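What follows is the residue order along each chain.
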Amino acid sequence: MAIDMAKSERLGDWLPKEEKEIEDFRRIVAATAMARNARWHPETVSFQRLLETNPVPRMELERAIAEAVGEGRTLGYRNRDELLRVVDFLLTYAPPFSEQSMVVCPLNAVLDWLMCMPSGYAFFRRPEVNVHMRALLDAWSRFLSAPESRTHLNAEKNGWLSDAAIEKLGLQEYCWAPGEPYGGFPSWNAFFTRKFRDAARPVASPDDDRVIVNACESTPYHFSVGATATDKFWMKSQPYSLGDMFGHRDQALVDHFTGGTVYQAFLSAFNYHRWHAPVPGTVVHAYLVPGTYYSCMEGVGEDPEGLNDSQGYTTAVATRAVIVIDHGDAVLGQVACLFVGMAEVSSCVIAVEEGQRVEKGQELGHFQYGGSTWCLVTGAELGFDLHHAPGSGEVVRVNASLATLR
């Protein structure tokens, strides 16, 4: 049984919901990229070399561009060379704030229609392509971790410290320095992974181990019971394939959760981007699973990458962190968390080690840039408290009560 909690629309405010606004963004960044005369980053040159010397991925990319143009999509670029110019420009781009048409994932916006063209599905699943996508995203992340990325960390209209942004983000709940330049943040990444002030998100029922808390500030998306070890995760019904989710690292781990429950929720561009322990216990697994960055499932409608169909699919194919906590209770046993990086989220940073004792609500790690989606996996019978009606789109706070052991 699966309960789908999401509507068919772009989720999380990472991209504008209106296609016209994304088209305008693509035209602007493409025109800017075409006008500059700068030496390309080594990562872009390397990607260009891959395409020049490998006919199949080159064919797939060029056909994806042609297919999108043939469908009447406004890309802003006309061919592979122009796309690479745009990609290279975005490696030193810091997203501005916008109340109406904010683009937090600029590369996602540029690749938006290529990802869901017939040739694009194949292109973005290629391991060699994803090696280069990772290198490009690492280069962008290095820029976002440098002082030069603070272009829009100010109080101007498109600044992330403007009155409108402060209200939208709820910055009064976070640790920052309003009186200092750039809010006291040394980089864009430092701003985006900002921490809550003490007591902003208290741990629900800290002394009651039967209460499982929410690991991420996130919106309920999907709930499924009877998860199988191997399933057709690419189906629209979004079954969860545990072996693929855990990266086929430990069959005993897969066996432990087979038949269990999977709860999935997604993060917004405006949410807190750190992860916390849903239960107290000992960390028995903490590892990264490399994967794809812009692969989406063959779906229908605008932007399948951001639609319902691809959210579940990404748990088996996207780059993700796996953390399993042994609660020690004979009934609850182990609880697994998957923190899934999608699109521009090129790094999942784990802050705990195997064998370490953690308390409920303790920080486990964070997404290096932004956030995406996460799953709680358990074999115990839980009563979930989703706080709002399914599909409401409202956020469940981190460390709030999520479920109770029955």
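Below you will find a few notes about this structure.

A few words now on the side chain of R150. Mapping R150 onto the fold places it in the loop between α7 (127-144) and α8 (163-169). Although R150 is buried, it forms no salt bridge, and the closest oppositely charged side chain is E148 at an N-O distance of 7.6 Å. Separated by 3.2 Å, the side chain of R150 and the backbone oxygen of P147 make a polar contact. Sequence-distant contacts of R150, defined by excluding residues within four places in its chain, comprise Y182, F185, P186, S187 and W188.

Where helix α2 (residues 42-53) contacts helix α3 (residues 55-70), the axes come no closer than 5 Å and their chain directions differ by 100°. The pairing of α2 with α3 is recorded here as roughly perpendicular in orientation. Contact residues: α2 offers L51, E52 and T53, while α3 offers P55, P57, R58 and L61. Here the residues of the contact of α2 with α3 sort into 4 nonpolar, 1 polar and 2 charged.

Look at S205: it is not a glycine, yet its phi comes out positive at around 45°. Of note in this structure, N399 is not a glycine but carries a positive phi near 75°. Structurally, N399 can be placed in the loop between β13 (382-384) and β14 (401-405). Accessibility expressed as a relative area gives 4% for N399, which makes it buried.

Here the focus is α2. For α2, with 12 residues, the first-to-last C-alpha span of 16 Å sits near the 16 Å given by 1.5 Å per residue. Buried within α2 are the following residues: E43, T44, F47, Q48, L50 and L51. Axial view of α2: buried residues confined to an arc of 155°, hence all on one face. Exposed and facing more than 90 degrees away from the buried side of α2 are P42 and R49. Buried residues in α2 make contact with α3, α4 (80-90), α6 (118-123) and α7.

Counted residue by residue, α4 has 9 buried out of 11 residues, so it is predominantly covered. If you check which residues of α4 are buried, you get R80, E82, L83, L84, V86, V87, D88, F89 and L90. Those residues of α4 that are buried lie in contact with α1 (19-35), α2, α3, α5 (106-111) and α7.

Attention now goes to the packing of aromatic side chains. Tallying each qualifying case throughout the model produces 22 aromatic pairs. Centroid distance Y174 to F196: 4.5 Å. Interplanar angle 20°. Geometry classified as stacked. Linking Y174 in the loop between α8 and α9 (188-192) with F196 in the loop between α9 and β2 (211-213), this pair joins segments that are 22 residues apart in sequence. When sorted by exposure, Y174 lands in the same class as F196, which is buried. Look at W188 and F191: their rings are 5.6 Å apart centre to centre, the planes differ by 50°, and that puts the pair in the tilted class.

What follows is about the nonpolar core. Soluble globular proteins tend to pack their nonpolar side chains together in the buried interior. Core analysis: the largest hydrophobic core is formed by 71 residues, its most contacted members being L83, L111, L114, M133, W160, F191 and Y294. Counting residues per element, this core draws most heavily on α7, at 8 residues. Those residues in contact with M133 that sit more than four places away from it in its chain are F47, L107, L111, Y293 and Y294. Counting 31 residues, the second largest nonpolar core, distinct from the first, contains A277, C337, F339 and V352.

Throughout the structure, instances matching the rule amount to 20 salt bridges. With its nearest N and O atoms 2.8 Å apart, the salt bridge here joins R142 to E43. One end of the pair, R142, is in helix α7; the other, E43, is in helix α2, and 99 residues separate them in sequence. For E62, the salt bridge identified is with R80, shortest N-O distance 2.8 Å. Taken as a pair, E62 in helix α3 and R80 in helix α4 lie far apart in primary sequence, 18 residues in all. Owing to a relative accessible area of 35%, E62 belongs among the partly exposed residues under this scheme. Judged by relative accessible area, R80 falls into the buried class, the value being 19%. Where salt bridges share partners, they join E173, R201, E217 and R397 into one cluster.

Now for the pairing of β14. Taking burial as the measure, the 5 residues of β14 include 4 buried ones, the bulk of the element. Where β2 and β14 come together, 3 bridges link them in antiparallel fashion. Bridging from a neighbouring strand, I212 pairs with A403 of β14. Two elements, β13 and β14, share 3 bridges in a ladder whose sense is antiparallel. Among the inter-strand pairings, L382 is bridged to a residue of β14, identified as L405.

Cut-offs and rules
- Residues numbered from 1 in each chain as written.
- Predicted model: local features only at pLDDT ≥ 70, side-chain atom pairs only at ≥ 80, totals over all residues.
- Heavy atoms only, no water.
- Helix = DSSP H or I, 4+ residues; strand = E, 2+ residues; numbered from the N terminus.
- Buried < 20%, exposed > 50% of the residue type's maximum accessible area, 1.4 Å probe, protein only.
- Lys, Arg positive; Asp, Glu negative; His and termini not counted.
- Salt bridge = Lys/Arg side-chain N within 4 Å of Asp/Glu carboxyl O.
- Polar contact = N/O pair within 3.5 Å; in protein donor to acceptor, adjacent residues only side chain to side chain.
- Contact = heavy atoms within 4.5 Å.
- Axes fitted to C-alpha atoms, helices over the stretch in contact; angles between N-to-C directions.
- Parallel < 35°, antiparallel > 145°, perpendicular 65-115°, else oblique.
- Nonpolar A, V, L, I, M, F, W, Y, C, P; charged D, E, K, R; others polar.
- Expected span 1.5 Å × (residues − 1).
- Arc of directions from axis to C-beta.
- Phe/Tyr/Trp six-rings, centres within 6.5 Å; stacked < 30°, edge-to-face > 60°.
- Core = buried A, V, L, I, M, F, W, Y, C linked by side-chain atoms within 4.5 Å.
- Pairing = 2+ DSSP bridges.

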